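# Results of the structural survey
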Amino acid sequence: MNHVLTNRDFLGFSYALLNFSCWFLLLCFALALPLSSHSLPLYSLLIFPITLSYTGLFVHAHDAMHNNLTPSFPKLNRAIGLFFVGCYALFSYPKLMAAHLLHHSDPAGKSDPDFSEDRRFLVWFGVFLGQHTSLWQILGMSLIAQVLHLGFGFTWLNICLFWILPSLLSCLQLFFFGTYLPHRQSGPDSQPATSLYLPHWLSFLACFHFSYHREHHLKPHLPWWKLPEASLK
């Protein structure tokens, strides 16, 4: 079967490549930094762009689950999604995809793995983490941390500050803007999600435009960068 490269394929791949490059370069740079009591406050600012790049990894993997990265090249689309969730936190792409499609088929319903009947933030966040993390994943991340420390010589402070903390903050960011805010008022007889309409730049920084969450549920074929164009505001 012949595949023709479209503008959307090119943009999807380019955005994914740019995001990965930023994540990888920022992480390598930050892990190797010589931290001291004088430099720590300044270098700690790197936590924010690293966190955003982590969030971008997951958002692009999420787009891959909807075949939105490179629609004309489904194998490449899947390969990027699989690679990105592995980089993010050793997630299983097939399991995440199955759970996410369940979420779309029954948002806020009994079969929705992302939903919690107890809508208190911390309780729901705990349920969310429990649904999507495994013991093997935690053991794998622990092994990578040991390799970064013993194999590459990075200090535990650098590893905790620039590798572990940003991934946890990114998980919190994704949950807050991608699950909690858009679905806290959802129910079987209500709309699948609500949207938070922010200025364009803030919407990007918040969660790659996933504050347009109602739009995403109504038009899941749209990539993250086209969601503002579908605004229902």
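Further up the page is the structure itself.
Residues numbered from 1 in each chain as written. Predicted model: local features only at pLDDT ≥ 70, side-chain atom pairs only at ≥ 80, totals over all residues. Heavy atoms only, no water.

Once that is clear, we can look at the overall build of the chain. Counting secondary structure elements, the chain contains ten helices and zero strands. In sequence order, the secondary structure elements of the chain are arranged as α-α-α-α-α-α-α-α-α-α. In summary, the chain has a C-alpha radius of gyration of 18 Å against a globular reference of 17 Å for 233 residues, a match within 12%. Taking the principal axes of the C-alpha coordinates as reference, the chain spans close to 55 × 50 × 35 Å. For the chain, with 233 residues in total, the buried portion stands at 47%. Look at the contacts in the chain between residues 6 or more apart in sequence, and 64% of them connect residues 24 or more apart. Carbon and sulfur atoms form 70% of the exposed surface of the chain, whose accessible area is close to 12200 Å². (Helix = DSSP H or I, 4+ residues; strand = E, 2+ residues; numbered from the N terminus. Rg over C-alpha atoms; globule rule 2.2 N^0.38 Å. Buried < 20%, exposed > 50% of the residue type's maximum accessible area, 1.4 Å probe, protein only. Contact = heavy atoms within 4.5 Å. Areas by Shrake-Rupley, 256 points an atom, 1.4 Å probe, with all protein chains shown as cover.)

Turning our attention to the packing of helix α3 (residues 47-65) against helix α4 (residues 74-89). In the contact formed by α3 and α4, the axes pass within 8 Å of each other and the chain directions differ by 150°. Seen along the crossing, α3 lies across α4 with a hand that is left-handed. Together, Tyr54, Thr55, Leu57, Phe58, His60, Ala61, Asp63 and Ala64 of α3 and Asn77, Gly81, Phe84, Val85, Cys87 and Tyr88 of α4 make up the contact between the two elements. Class assignment of the residues belonging to the contact of α3 with α4 gives a composition of nine nonpolar, four polar and one charged. (Axes fitted to C-alpha atoms, helices over the stretch in contact; angles between N-to-C directions. Left-handed = near helix turned anticlockwise from the far one by under 90°. Nonpolar A, V, L, I, M, F, W, Y, C, P; charged D, E, K, R; others polar.)

So, about the pattern of salt bridges. If you walk through the whole model with that rule in mind, you get two salt bridges. Here Asp118 ties to Arg120 by a salt bridge, and the two come within 2.6 Å at their closest N and O atoms. Look at Arg120 and you get exposed, because its relative accessible area is 55%. A salt bridge links Lys226 to Glu229; the shortest N-O distance between them is 3.4 Å. You can call Glu229 exposed: its relative accessible area is 61%. (Salt bridge = Lys/Arg side-chain N within 4 Å of Asp/Glu carboxyl O.)

This next bit is on the packing of helix α7 (residues 135-151) against helix α8 (residues 156-183). Interaxial distance between α7 and α8 falls to 9 Å at its minimum, and their mutual angle equals 130°. By the criterion of interaxial angle, the relationship of α7 to α8 is oblique. Here α7 runs over α8; the crossing is right-handed. Only Trp156, Ile159 and Trp163 of α8 make contact with α7, whose side of the interface consists of Met141, Ile144, Ala145, Gln146, Leu148 and His149. Of the residues belonging to the contact of α7 with α8, the class tally is seven nonpolar, two polar and no charged. (Parallel < 35°, antiparallel > 145°, perpendicular 65-115°, else oblique.)

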